[in-house]
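Chain by chain, the residues:
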Amino acid sequence: MTVLLIDDDAVSLRMLALTVGRLGLTSATATTGAAGLAWLADHPECLLIVTDLSMPGMSGLDVFVAVRDDPRFAGIPFLVCTGSADAATVREAIAQGVRHYIVKPIKPSVVAAKVTELVAKRAAEIAPVVEAAAPVPLPPVDPVPDAAEASSDAARAGDPAEVPTDAPVAEVDPPQAVPSSEAEAA
Amino acid sequence: MTADATPLLDREILAELEEFGHEFVLELITTFAAQATTLVDQMETGIAAGHGNAIHRAAHTMKGSAASVGLARPAAWADELDRVAQVAPLDRVLAGYLLAGLARAIGTSLDAVRAEPEVLR
């Protein structure tokens, strides 16, 4: 499962992607709110949405409202990054229901802590649903896991030495530039 | 503090970025430099046309990206230009002065980072 990152600033977007990658998570990036929503329509299992607030066209708040009002995306946590010093903008975001935000300039350690917190909550919420929906008998276990499985297990265990420092990033903007199968691969 | 008196680099930010690896920092700086050229062009066009909102958008992005990569002085100049751009009618002379200062600060800060790679370590 993937974290969706939306920001019209290439530097911030790259920094967010690397930070998420260091946590062992994959990310999809979009430079407009519309492109982000288009990707989300095909990936409602998204773990978390991180978006800039101030963007041309569809703002981060517009994206938040669209996600909030669409039952397909119920429960997906939302993290707003804002460089806006405009208190009115932040007040409006809070009034609309935004509960998590960080203030630019982006500090990777701050982003990492917040993303970890929100992804853990989201994973805990959806885990029982996944178990209830998939009561499939387990296949026989191979006593000698291959290298790929061992690496994957280490990543899940949170071993920093085994976690990729730059996990795959699917660029989804413009949406038609990347086939959905490529985004799926990420 | 005026923009020109702001320290060139934010070493605290740079030190934190360096924890992600030196190559990553250099990649971010390169990404910033490429984007900065486009944004300065947009601001120049905005000033010529008297479009405060276009200047505001570009300056706002510049302010955030410069601050994120530890280029403190360009961020300060962009902040001043951003504020001026949001006041109507646009003071084109003042905006032009601030854009020139911003462009100079970008060049100086990038030169500092490139000439003294140890500032990133």
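It should be emphasised that the depicted structure is a prediction, and the values quoted were computed from it without experimental measurement. (Residues numbered from 1 in each chain as written. Chains lettered and ligands numbered in written order. Predicted model: local features only at pLDDT ≥ 70, side-chain atom pairs only at ≥ 80, totals over all residues. Heavy atoms only, no water.)

### Some points on the overall build of chain A
Link 1 in the chain: In terms of helices and strands, chain A carries seven helices and six strands.
Link 2 in the chain: Counting helices and strands in the order they occur from the N terminus, chain A gives β-α-β-α-β-α-β-α-β-α-α-β-α.
Link 3 in the chain: Taken across its 186 residues, chain A has 42% of its residues classed as buried.
Link 4 in the chain: For chain A, long-range pairs separated by at least 24 residues make up 71% of all intrachain contacts whose partners lie at least 6 apart in sequence.
Link 5 in the chain: Of the roughly 9400 Å² of accessible surface on chain A, 61% is carried by carbon and sulfur atoms. (Helix = DSSP H or I, 4+ residues; strand = E, 2+ residues; numbered from the N terminus. Buried < 20%, exposed > 50% of the residue type's maximum accessible area, 1.4 Å probe, protein only. Contact = heavy atoms within 4.5 Å. Areas by Shrake-Rupley, 256 points an atom, 1.4 Å probe, with all protein chains shown as cover.)

### Focus: the packing of aromatic side chains
Residues and elements named next belong to chain A.
Link 1 in the chain: As enumerated under the stated definition, the model contains three aromatic pairs over all chains in all.
Link 2 in the chain: A centroid spacing of 5.0 Å and a plane angle of 75° characterise the contact between Phe64 and Phe78, whose relative ring orientation is edge-to-face. Of this pair, Phe64 sits in helix H3 (residues 60-68) while Phe78 is found in strand E4 (residues 78-82), placing the two residues 14 residues apart along the sequence. Here Phe64 and Phe78 have matching classes, each one buried. (Phe/Tyr/Trp six-rings, centres within 6.5 Å; stacked < 30°, edge-to-face > 60°.)

### Points about helix H1 (residues 11-18) of chain B
Link 1 in the chain: Listing the buried residues of H1 of chain B in full gives Ile13, Leu14, Glu16, Leu17 and Glu18 of chain B.
Link 2 in the chain: One side-chain oxygen of the residue at the start of H1 of chain B lies 3.1 Å from the amide nitrogen of Glu12 of chain B, identifying that residue as Asp10 of chain B. (Polar contact = N/O pair within 3.5 Å; in protein donor to acceptor, adjacent residues only side chain to side chain.)

### Regarding the pattern of salt bridges
Link 1 in the chain: One pass over the full model with this rule turns up eleven salt bridges over all chains.
Link 2 in the chain: Across the pair Asp7 of chain A and Lys104 of chain A runs a salt bridge whose closest N-O atoms are separated by 2.9 Å. One end of the pair, Asp7 of chain A, is in the loop between strand E1 (2-6) and helix H1 (10-22); the other, Lys104 of chain A, is in the loop between strand E5 (101-103) and helix H5 (108-133), and 97 residues separate them in sequence.
Link 3 in the chain: Here Lys63 of chain B ties to Asp82 of chain B by a salt bridge, and the two come within 3.3 Å at their closest N and O atoms. In this pair, Lys63 of chain B sits in helix H3 (residues 52-68) while Asp82 of chain B sits in helix H4 (residues 72-85), placing the two residues 19 residues apart along the sequence. Take Lys63 of chain B and Asp82 of chain B: they sit in the same class, and that class is buried.
Link 4 in the chain: Here the residues in one salt-bridge network are Lys63, Asp79, Asp82 and Arg83 of chain B, joined through shared partners. (Salt bridge = Lys/Arg side-chain N within 4 Å of Asp/Glu carboxyl O.)

### What to know about the nonpolar core
Link 1 in the chain: With 65 residues, the main nonpolar core has Leu48 of chain A together with Phe32, Met43, Met62, Leu71, Leu81 and Leu102 of chain B as its most contacted residues.
Link 2 in the chain: For this core, the element with the most residues is helix H2 (residues 22-49) of chain B, which contributes eleven residues.
Link 3 in the chain: If we ignore the near neighbours within four places in the chain, the residues touching Leu71 of chain B are Leu8, Leu9, Ile29, Phe32, Ala66, Ser109, Leu110 and Val113 of chain B.
Link 4 in the chain: Ala28, Ile49, Phe64 and Ala170 of chain A belong to the second-largest nonpolar core, a separate cluster that totals 24 residues. (Core = buried A, V, L, I, M, F, W, Y, C linked by side-chain atoms within 4.5 Å.)

### Regarding the confidence of the model for chain A
The predicted coordinates should not be examined in detail at positions where pLDDT is low.
Link 1 in the chain: Across chain A, the average pLDDT comes to 77, with 69% of residues at or above 70.
Link 2 in the chain: Contacts of residues 175-186 of chain A to residues separated by more than four positions or lying in other chains number 13 contacts, the stretch itself having pLDDT below 50. (pLDDT = per-residue confidence, 0-100.)

### A closer look at the interface of chain A and chain B
Link 1 in the chain: At the interface, 20 residues of chain A touch 21 residues of chain B.
Link 2 in the chain: Taking both sides of the interface into account, the surface hidden between chain A and chain B amounts to around 1800 Å²; carbon and sulfur atoms contribute 62%.
Link 3 in the chain: On inspection of chain A and its partner chain B, the count reaches two salt bridges.
Link 4 in the chain: Ionic pairing is found between Glu27 of chain B and Arg14 of chain A, a salt bridge with its closest N-O pair at 2.4 Å.
Link 5 in the chain: Listing elements by their share of the side of chain A that touches chain B, those giving two or more residues are H1 and H5 of chain A.
Link 6 in the chain: In terms of residues, the side of chain A that touches chain B owes the most to one element, H1 of chain A, which gives eight residues.
Link 7 in the chain: Considering only residue class, the side of chain A that touches chain B consists of nine nonpolar, six polar and five charged. (Buried area = accessible area lost by both parts, 1.4 Å probe. Nonpolar A, V, L, I, M, F, W, Y, C, P; charged D, E, K, R; others polar.)

### Focus: a nonpolar patch on the surface
Link 1 in the chain: Nonpolar side chains collect at one region of the surface, where Ile94, Tyr101 and Val103 of chain A lie side by side and expose about 280 Å² of accessible area between them.
Link 2 in the chain: Among the secondary structure elements, Ile94 of chain A is positioned in helix H4 (residues 87-96). (Patch = residues over 30% accessible without salt bridge, like charges linked within 9 Å, V, L, I, M, F, W, Y side chains within 5 Å.)

### A look at the state of the cysteines
Residue and element names in this part refer to chain A.
Link 1 in the chain: Scanning the entire structure with this criterion turns up zero disulfides over all chains.
Link 2 in the chain: Here Cys46 stays free of any disulfide, with the sulfur of Cys81 as its closest cysteine sulfur at 14 Å.
Link 3 in the chain: Judged by relative accessible area, which is 1%, Cys46 ranks as buried. (Disulfide = S-S within 2.5 Å.)

### Here's the deal with the packing of H3 of chain A against H4 of chain A
Residue and element names in this part refer to chain A.
Link 1 in the chain: Remark: H3 packs on H4, axes separated minimally by 11 Å, with the N-to-C direction vectors making an angle of 5°. Relative to H4, the element H3 lies roughly parallel. Packed against H3, whose contacting residues are Leu61, Phe64, Val65 and Arg68, the element H4 presents Glu92, Ala93 and Gln96 at the interface. (Axes fitted to C-alpha atoms, helices over the stretch in contact; angles between N-to-C directions. Parallel < 35°, antiparallel > 145°, perpendicular 65-115°, else oblique.)

### Some thoughts on the packing of H1 of chain A against H2 of chain B
Link 1 in the chain: Two numbers describe how H1 of chain A lies on H2 of chain B: the axes approach to 9 Å, and their chain directions differ by 155°. Judged by the inter-axis angle, H1 of chain A sits roughly antiparallel to H2 of chain B. The two elements H1 of chain A and H2 of chain B cross, and the hand of that crossing is right-handed. Only Phe24, Glu27, Leu28, Thr31, Phe32 and Gln35 of chain B of H2 of chain B make contact with H1 of chain A, whose side of the interface consists of Ala10, Val11, Arg14, Met15 and Leu18 of chain A. (Left-handed = near helix turned anticlockwise from the far one by under 90°.)

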